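Each chain, written out:
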Amino acid sequence: MPRSTDESRPPAGGGVQSLERAFDLLERMADAGGEVGLSELAGSSGLPLPTIHRLMRTLVAAGYVRQQPNRRYALGPRLIRLGESASRLLGTWARPQLARLVEETGETANMALLDGDEAVYVAQVPSRHSMRMFTEVGRRVLPHSTGVGKALLAHLPDEEVRALLARTGMPAATERTITSPDAFLKALAAVRADGYAVDDNEQEMGVRCLAVAVPDAPTAAAVSISGPAGRVTEAATERIVPVLQEVARELSAALADTGAGAD
């Protein structure tokens, strides 16, 4: 959804307008890839240049933005600490939904985010079966060989996906790993058509994973279940995918709840 450019719009919920504007500029910078010029921010936000310049000076002084030698502005290193803390909390908030996945599917449930060119697992609830998948929280994987990776990339433009694959390469984790950009884009088209992604022995032989994206998440996120191929069969897929999709919607609603009425 495009951001509003109505400068006269009052702050939501009686908030502080300058603070709202500063965060809006940070989000616009993230949407633009992390680095922008003042004129670009003026064009996208509708704010006057003096206002943007004043807000950016404040963000630079606080370390949340840095000014590059080319005079453009980039997201600053202090945001990393905030992001890492938020990612940990995101995993905590997701645990009730992941626990429901385990309860209803019997398999290990995971949540992953897209972090740069990699998928990083931020939460997990293990299966009660003696044979479990040991994808660890904090583990980073290349998206092309995983179900969560496919779910995370499925809604990106093809040219962005090709650029990512060119940066990471497409090493084969198993003999089933997709190693061709064209084949991977075809797999992403199937994800969009089917509403879920599959890792069929592509990251680890003997293991199948089913994943769906979390709709309208503040950052690209996906939930998945993984288990032995002998349990996560085609028949099981028909039963598991609707549960995954429902849990993803519940998680989306939980993340959208800002708790603004708690004061």
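For the structure, check the block above.
Residues numbered from 1 in each chain as written. Predicted model: local features only at pLDDT ≥ 70, side-chain atom pairs only at ≥ 80, totals over all residues. Heavy atoms only, no water.

## Focus: the packing of helix α2 (residues 38-45) against helix α3 (residues 49-62)
Quick note on the threshold: Only C-alpha atoms enter the line fits that serve as axes; for helices the fit covers just the stretch in contact. Angles between N-to-C directions range over 0 to 180 degrees. Secondary structure elements are taken from DSSP: a helix is a run of H or I of four residues or more, a strand is a run of E of two residues or more, and numbering for both begins at the N terminus. Take the far helix as the reference: if the near one is turned anticlockwise from it by less than a right angle, the crossing is left-handed, and if turned clockwise, right-handed. By definition in these notes, contact holds between two residues if any of their heavy atoms fall within 4.5 Å. The classification used treats Ala, Val, Leu, Ile, Met, Phe, Trp, Tyr, Cys and Pro as nonpolar, Asp, Glu, Lys and Arg as charged, and all other residues, Gly among them, as polar.
α3 packs onto α2 with a crossing angle of 115° between their chain directions and a minimal axis gap of 10 Å. Where α2 crosses over α3, the two elements pack in a sense that is right-handed. Two secondary-structure elements touch here, α2 through Leu38, Ser39, Leu41, Ala42 and Ser45 and α3 through Leu49, Ile52, His53 and Met56. Residue composition of the contact of α2 with α3, by class: 6 nonpolar, 3 polar and no charged.

## Topic: the pairing of strand β5 (residues 118-125)
Stated formally: A 1.4 Å probe rolled over the protein chains alone gives each residue an accessible area, and that area as a share of the maximum for its type sets the label: buried under 20%, exposed over 50%, partly exposed in between. For two strands to be treated as a pair, DSSP must find at least two bridges joining them.
Counting buried positions along β5 yields 7 of 8 residues, so the element is predominantly enclosed. Note that strand β4 (residues 108-115) and β5 share 7 bridges and pair antiparallel. Considered in β5, the bridge of aspartate 115 is made with glutamate 118. The loop that links β4 with its antiparallel partner β5 comprises 2 residues; one of these, glycine 116, has a positive phi angle of about 65°. Note: β5 against strand β6 (residues 140-141), 2 bridges, orientation antiparallel. When the bridges of β6 are listed, alanine 119 appears paired with valine 141.

## A word on the nonpolar core
Rule in force here: Joining through side-chain atoms within 4.5 Å is the link that ties buried Ala, Val, Leu, Ile, Met, Phe, Trp, Tyr and Cys residues into a set, and such a set is a nonpolar core.
Ranked by size, the top nonpolar core spans 28 residues in total, and within it Leu98, Leu101, Met111, Leu210, Val223 and Leu244 carry the most contacts. Contributions of two or more residues to this core are made by α4 (78-105), β4, β5, β8 (207-213), β9 (221-228) and α8 (234-256). In terms of residue count, the dominant contributor to this core is α8 (9 residues). Setting aside anything within four residues of it in sequence, one finds leucine 244 in contact with Leu101, Leu210, Ala211, Val212, Val223, Ser224 and Ile225. Counting residues in each nonpolar core, the second largest holds 23 residues, with Leu114, Tyr121, Val141 and Val161 among its members.

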